Amino acid sequence: DLMAVIKPGLVMDLHEHDGEDYWMSARHQRTDEDESWEIKISTAVANAVAETGTTLHDGAEGYAASEHFEELGPGVFWLNASVRGQGLNLADYGAQHCPSFTVETGLQGPLAARVAMQKLTVQTAVSVFEQRYA
């Protein structure tokens, strides 16, 4: 209900997983325009993260290798929440209104590095998001 009231333009749900690498899940959008911006944002974020030397998850193993993910590009996966079996989360609700992502940074790394990666992710996503309305 809160998402319907706020009507966000971009949702970034920041998480940490038990590995060392980085990945994010995107959600298919309701409009072709939103979906194209979802792809632009996720590609820019993945490129920015890769430029830091951080390993992007390849999807061959672990959680992202399951049937509810489809690789969109290096370190980015489409998530089909309807087959995940965990119910909807913040990014799933956000996707009803706008580009929406779940970000997974590796919990194995130092706290300062994880925080820097989360900040880089959001700053890059917002930078691309702003281009849409420039």
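Conventions adopted
Residues numbered from 1 in each chain as written. Predicted model: local features only at pLDDT ≥ 70, side-chain atom pairs only at ≥ 80, totals over all residues. Heavy atoms only, no water. Buried < 20%, exposed > 50% of the residue type's maximum accessible area, 1.4 Å probe, protein only. Helix = DSSP H or I, 4+ residues; strand = E, 2+ residues; numbered from the N terminus. Pairing = 2+ DSSP bridges. 1 Å grid on protein atoms, 1.4 Å probe; cavity = no way out; pocket = protein on both sides within 12 Å on 5 of 7 lines; lining within 4 Å. Points joined across faces, edges and corners; volume = space filled by probe spheres on them. Nonpolar A, V, L, I, M, F, W, Y, C, P; charged D, E, K, R; others polar. Expected span 1.5 Å × (residues − 1). Contact = heavy atoms within 4.5 Å. Core = buried A, V, L, I, M, F, W, Y, C linked by side-chain atoms within 4.5 Å. Phe/Tyr/Trp six-rings, centres within 6.5 Å; stacked < 30°, edge-to-face > 60°. Lys NZ or Arg CZ within 6 Å of the ring centre and 35° of its normal. Axes fitted to C-alpha atoms, helices over the stretch in contact; angles between N-to-C directions. Parallel < 35°, antiparallel > 145°, perpendicular 65-115°, else oblique. Left-handed = near helix turned anticlockwise from the far one by under 90°.

J.: Report on the pairing of strand S2 (residues 23-26), specifying residues and quantitative values.
T.: Side chains Trp-23 and Ser-25 project from S2 onto one buried face, and the interleaved Met-24 and Ala-26 project onto a second face that is buried too. For S2 and strand S4 (residues 76-79), the ladder comprises 3 bridges, and the chain directions are parallel. Looking across to S4, one finds that Ala-26 is bridged to Trp-78.

J.: Please set out the layout of surface pockets residue by residue, giving values where relevant.
T.: Its volume calculated, the largest pocket comes out at about 170 Å³. In the lining of the largest pocket, the residues fall into 3 nonpolar, 4 polar and 3 charged.

J.: So, helix H5 (residues 111-132): which residues are in play, and what are the values?
T.: Compared with the 32 Å implied by 1.5 Å per residue over 22 residues, the 32 Å span of H5 between its first and last C-alpha is a close match. Against strand S1 (11-17), helix H2 (32-51) and strand S5 (100-106) lie the buried residues of H5.

J.: How would you summarise the nonpolar core if you had to cite specific residues and measurements?
T.: Leu-10, Met-12, Tyr-22, Met-24, Ile-41, Val-45 and Phe-101 are the most contacted members of the largest nonpolar core, which has 19 residues in total. When contributions to this core are tallied by element, the ones reaching two or more residues are S2, H2, S4, S5 and H5. In terms of residues, this core owes the most to one element, H2, which gives 5 residues. Apart from the residues lying within four places of it in its own chain, the contact partners of Met-24 are Met-12, Ser-42, Val-45, Gly-75, Val-76, Phe-77, Phe-101, Thr-102 and Val-103.

J.: Please provide a residue-by-residue account of the packing of aromatic side chains, values included.
T.: Applying the stated criterion to the full structure yields 2 aromatic pairs. The side chain of Lys-40 reaches across the aromatic face of Trp-37, ending 4.1 Å from its centre.

J.: I'd like a rundown of the side chain of Gln-118, residues and numbers included.
T.: Structurally, the position occupied by Gln-118 is in helix H5. Using a relative accessible area of 11% as the deciding quantity, one classes Gln-118 as buried. Here Gln-118 is in contact with Leu-14, His-15, Glu-16, Val-103 and Thr-105, once residues within four sequence places are set aside.

J.: Describe H2, with residues and values.
T.: Residues spaced three or four apart along an α-helix face the same direction, because each turn holds 3.6 residues. For H2, built from 20 residues, the straight-helix expectation of 28 Å at 1.5 Å per residue is met to within 8% by its first-to-last C-alpha distance of 29 Å. Those residues of H2 that are buried lie in contact with S2, strand S3 (69-73), S4, S5 and H5. Gly-53 sits one or two residues past H2 and shows a positive phi near 90°.

J.: Quick one: what's the story with the packing of H2 against H5, residue by residue and with numbers?
T.: At a closest axis distance of 9 Å, the pairing of H2 and H5 adopts a crossing angle of 140°. Our classification of the angle between H2 and H5 gives oblique. For the element pair H2 and H5, the recorded crossing hand is right-handed. Across from Glu-33, Asp-34, Trp-37, Lys-40, Ile-41, Ala-44, Val-45, Ala-48 and Val-49 in H2, the residues of H5 making contact are Met-117, Leu-120, Thr-121, Thr-124, Ala-125, Val-128, Phe-129, Gln-131 and Arg-132. Of the residues belonging to the contact of H2 with H5, the class tally is 11 nonpolar, 3 polar and 4 charged.

J.: Describe in detail the environment of Ala-81, supporting the description with residues and values.
T.: Assignment of secondary structure puts Ala-81 in helix H3 (residues 81-84). Given the relative accessible area of 15%, Ala-81 is considered buried. Taking the C-alpha atoms as reference points, Ala-81 and Arg-27, 54 residues apart in sequence, are found 8.4 Å from one another. Ala-81 has contacts with Leu-88 and Asp-92, leaving out every residue within four places of it along the chain.

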